[in-house]
Structures are given as structure tokens and as C-alpha cells.
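So you can see what is in the structure, the chains are spelled out below.
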Amino acid sequence: MPEKFNNKTNGITQRRFLLHGNPLLANWVTDHIGPEWITDLSQISKLKIYADDEKAQQEFMNIKYQNKVRLAKYILEHNGVEVDPRSIFDVQVKRLHEYKRQLLNILHVIYLYDQIKMHPEMDFYPRTFIFGAKASAGYHTAKKIIKLINSVADVVNNDASINGKIKVVFIENYRVSNAEMIFAAADVSEQISTASKEASGTGNMKFMLNGAPTLGTMDGANVEIVEEVGAENAFIFGLSSDEVINYENNGGYDPNVIYNTDWEIRNVLMQLINGTFSRDTELFRDLYDSLLTTKNTDRADRYFILADFRSYAEAQKRVEEAYRDEKRWAKMALLNTACSGKFSSDRTIQEYVDDIWHLDKVIVKNK
Ligand SMILES: *Cc1c(COP(=O)(O)O)cnc(C)c1O
């Protein structure tokens, strides 16, 4: 009975994730296109005419800056770490799970840290890498990844030789109340799950609504986000779902080939077990082994982190390049907000009403 099955694209509510969470931007949007977007997010596409308007771009990015100042204050209070709101706020907040690949992100941070140490004169646009995640109670590997992020943060944030070019922050107790503030302040939305593993994602939509371009794989609703905003307003990288599934079914992927031929990646992995980030050289041994050694039914690097590493690093370079061009970035950011109309949960619910529930509409009179 295939007619009894169908899919609905997820959505989020603009009342919480823009109106309540980002009042500065909400007011700006209303000033430009009126308040209809609050109950009909498709109206937000009216912002598109401002994409090339320099005044609108400046106002948009100034609001982003003020939201970054607000988050920087929260980070100083909660983490005791000073972050520069002029740096790129590169954000990955979501449940901690191996398929979501927070490990890829933090390994890339280590890679950048190595690059800056090796080439101190290198042009590098300052970045603040912000993580937020909870690990479920018994998920040992997830907790180890949180430990690694915090250990890298301790080393990088306190290394005066890199002049604060990289800061790493793990925000505790990630939850809707602080998430609102985090989305509002994000420059880059990290949506880097192994292709084929993420059913949809909704965090990606919250970032988009708040004007943060997606840095991501062609997975889950990232595919639809790219459809709406255009590939030129996102940073896509990595294996496709078909490629991942093909490797899973037929083999042919060996991370050791990458480890043995790419010395920079090898260097990053060695730092997990040579005491760089922990005096206890065994602390991150399991993470290291999981990337290189097949154990029972667990294939080495199940989530294709090494396979996607170079492609991810290259996409991150494109992010930096785009961010340096202020007008280009402002246009991208603004277009992400303007093209987010599809991702309202109002639209999702309406589709259920139309296709499945067949309910009649009740008009509620306001006063
Ligand atoms: C939106 C949201 C999620 C889901 O995030 P994904 O990136 O889609 O996994 C999880 N936790 C909180 C607190 C959220 O607001």
C-alpha cells in the first residue's frame, strides 16, 4: 500500500527561532517587508530585493555583529574565554553523535592550529569554533569526543604564539534557551554528517533563518536548503549518499591509505596519542583506533572522516575567502534568511492537514 506512505519536509517555528530568539533581526525584517512573515514565513522571500542593497547588507551584518557580541558575553561568563566578535563564528550545535561528525570538525581545528604554528606569517582570518552538544548517558565515544574538544580548547585558547587566531569553545548545557542566542550569532552553520545518515536535521533550518550559510554535506534537509538558496550561497563538500552506501555495501574504502599518503592528516591523528592534548597519551587512543582499525564488525572510520577530510578543509578555505569579501558574504547571509520560507513548521503542518488529516480551517479572530 505505497499510497499510505509519504514524507513531509520538517520545519521549525519562526516565532521562536527568529521573532523571540533574534529580536534585532526580527524587527529589521518587519521594517522591510511588514509583519506577515510571523504567521506566513513564505513572505520572507520579499527580502530578496535587498540582497544587493548596500545599506540593507550593512544593517544585516551589523545586527549579526551585535548578536555575536551578546554571545561573546555569554561565553565569557560561562566559559571564562574571551572571543572576538569580529572573528568568524563557526558553529556546530546538535546532539553529539559519531555520524554528525563533531570529530571531523575538531580534527580540522587541530589541522588549522598546526598550519598556523608551522606558518605564523600565513594569512588567516580569525575563527571562533563554537560547539554545543549533549551525549546520551551511556555513549562512551560521544563523551570522549566532548573531552577531546575541551582538551583542544585548553591548548589552543592558551597558546599565546597564535595571537588568538583560533578560539575553541564548548558551550555547556546546549538547549533551546541558549540555542536561540547561538543561532542568532552564527556566521557559519556546520552540517557535516556523513551523507545518507541524517534524515533531515532542523538545526540547519534555524541557522539559515538567522542568516548563516550552510557548510555541509549533501545530506538530509541540506539538500533542500541548497535547492532553495542556490549552491553559490552554501559550502558543499564530501562524499555523496550513493558513494557512501556503495562503500558500505561493496567495501573499497581504507582510511589507512589516506593515513599513509597524507602526512598532514597523519600528523593530526598522531597528536591524539602523543600527549599534545592530554598528558595521558591513552586518553584518546580509542578515537585514534576507531579511525584506522577494524574491530569485529566496526569498520575502520565508519563515518568516512578521513575520506572527507581534504574536501572539508577545502570547503573551509572557500568559507574564509567568501567571508573576506564583505559584500559577497552579506549577500549570502541575507539570501539565506530570504530563502528560508519553506522551512516553517507551519508549512509542514499544513501539508499534514491537506494530505492526511483533511481538517477544516478555523479562523481565530484576534480581539
Ligand atoms: C534544533 C535543535 C536540535 C536538532 O539539531 P540538529 O542539528 O537538527 O540535529 C537539537 N537540540 C536543540 C536544543 C535544538 O534546538
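None of the values given here were measured: they were computed from a predicted structure.

Colleague: How should the nonpolar core be read in this particular structure?
Modeller: Across soluble globular proteins, you tend to see nonpolar side chains buried next to one another. Core analysis: the biggest nonpolar cluster contains 114 residues, and Leu71, Leu107 and Ile166 have the highest contact counts within it. The element best represented in this core is helix 4 (residues 102-118), accounting for ten residues. Not counting the four nearest positions on each side in its chain, isoleucine 166 is found in contact with Val109, Leu112, Tyr113, Ile116, Phe124, Arg127, Phe129, Val156 and Asn157.

Colleague: Can you walk me through helix 5 (residues 140-157) in this structure?
Modeller: Since the α-helix turns once every 3.6 residues, residues separated by three or four places project in the same direction. Taking 1.5 Å per residue, 18 residues should reach 26 Å; helix 5 reaches 26 Å between its end C-alpha atoms and fits that length. Restricting attention to buried positions, one finds in helix 5 the residues Ala142, Lys144, Ile145, Ile146, Leu148, Ile149, Ser151, Val152, Ala153, Val156 and Asn157. On its buried face, helix 5 is in contact with helix 4, strand 2 (127-132), strand 3 (166-171) and helix 12 (285-292).

Colleague: Would you mind going over the packing of helix 3 (residues 54-79) against helix 6 (residues 176-185) with me for this structure?
Modeller: Two numbers describe a pair of packed helices, the interaxial angle and the distance between the axes. Two elements in contact, helix 3 and helix 6, have axes separated by 8 Å at closest approach and are oriented at 135 degrees. Relative to helix 6, helix 3 is oriented oblique. Of the two possible hands of crossing, helix 3 and helix 6 adopt the one that is left-handed. Of the residues in helix 6, those in contact with Lys64, Asn67, Lys68, Arg70, Leu71 and Tyr74 of helix 3 are Asn178, Glu180, Met181, Ile182, Phe183, Ala184 and Ala185. Residues that form the contact of helix 3 with helix 6 fall into these classes: seven nonpolar, two polar and four charged.

Colleague: Sorry, what's going on with the site of the ligand here?
Modeller: Val93, Lys94, Lys100, Tyr174, Arg175, Val176, Gly201, Thr202, Gly203 and Lys206 make up every residue found near the ligand. Lysine 100 is positioned with one of its side-chain polar atoms (N or O) 2.8 Å from an oxygen atom of the ligand. Within the backbone of threonine 202, one N or O atom sits 2.7 Å away from an oxygen atom of the ligand. About the coverage of the ligand: the protein hides 82% of its 390 Å² of free accessible area. Residue classes in the shell around the ligand are distributed as three nonpolar, three polar and four charged.

Colleague: Could you clarify how one ought to interpret the side chain of serine 278 in this entry?
Modeller: Within the fold, serine 278 resides in the loop between helix 11 (263-270) and helix 12. Taking relative accessible area as the criterion, serine 278 reaches 14% and is therefore assigned buried. Only 3.0 Å separates the side chain of serine 278 from the backbone oxygen of aspartate 280, close enough to count as a polar contact. Leave out the neighbours within four places in its chain, and serine 278 touches Leu283 and Phe284.

Colleague: For this particular structure, what's the right way to read the confidence of the model for the protein chain?
Modeller: For the protein chain, per-residue confidence averages 97 on the pLDDT scale, and residues scoring 70 or more make up 100% of the total. Confidence scores differ between elements of the protein chain, with helix 15 (residues 345-357) showing the lowest mean pLDDT of 94 and strand 1 (residues 88-93) the highest of 99.

Colleague: What is the right way to read the pairing of strand 1 from this model?
Modeller: Note on strand geometry: in a regular strand, side chains alternate between the two faces of the sheet. Here strand 1 lies mainly inside the structure; six of its six residues are buried. What you see with strand 1 is no split at all: Ile88, Asp90 and Gln92 on one side and Phe89, Val91 and Val93 on the other are buried throughout. The pairing of strand 1 with strand 2 spans six bridges and is classified as parallel. Residue pairing in the sheet places valine 91 in a bridge with isoleucine 130 of strand 2. Traced from strand 1 through helix 4 to strand 2, the parallel crossover comes out right-handed.

Basis of the calculations
- Residues numbered from 1 in each chain as written.
- Predicted model: local features only at pLDDT ≥ 70, side-chain atom pairs only at ≥ 80, totals over all residues.
- Heavy atoms only, no water.
- Core = buried A, V, L, I, M, F, W, Y, C linked by side-chain atoms within 4.5 Å.
- Buried < 20%, exposed > 50% of the residue type's maximum accessible area, 1.4 Å probe, protein only.
- Helix = DSSP H or I, 4+ residues; strand = E, 2+ residues; numbered from the N terminus.
- Contact = heavy atoms within 4.5 Å.
- Expected span 1.5 Å × (residues − 1).
- Axes fitted to C-alpha atoms, helices over the stretch in contact; angles between N-to-C directions.
- Parallel < 35°, antiparallel > 145°, perpendicular 65-115°, else oblique.
- Left-handed = near helix turned anticlockwise from the far one by under 90°.
- Nonpolar A, V, L, I, M, F, W, Y, C, P; charged D, E, K, R; others polar.
- Near = heavy atom within 4 Å.
- Polar contact = N/O pair within 3.5 Å; in protein donor to acceptor, adjacent residues only side chain to side chain.
- Areas by Shrake-Rupley, 256 points an atom, 1.4 Å probe, with all protein chains shown as cover.
- pLDDT = per-residue confidence, 0-100.
- Pairing = 2+ DSSP bridges.
- Right-handed = clockwise from strand over helix to strand, strands pointing away.

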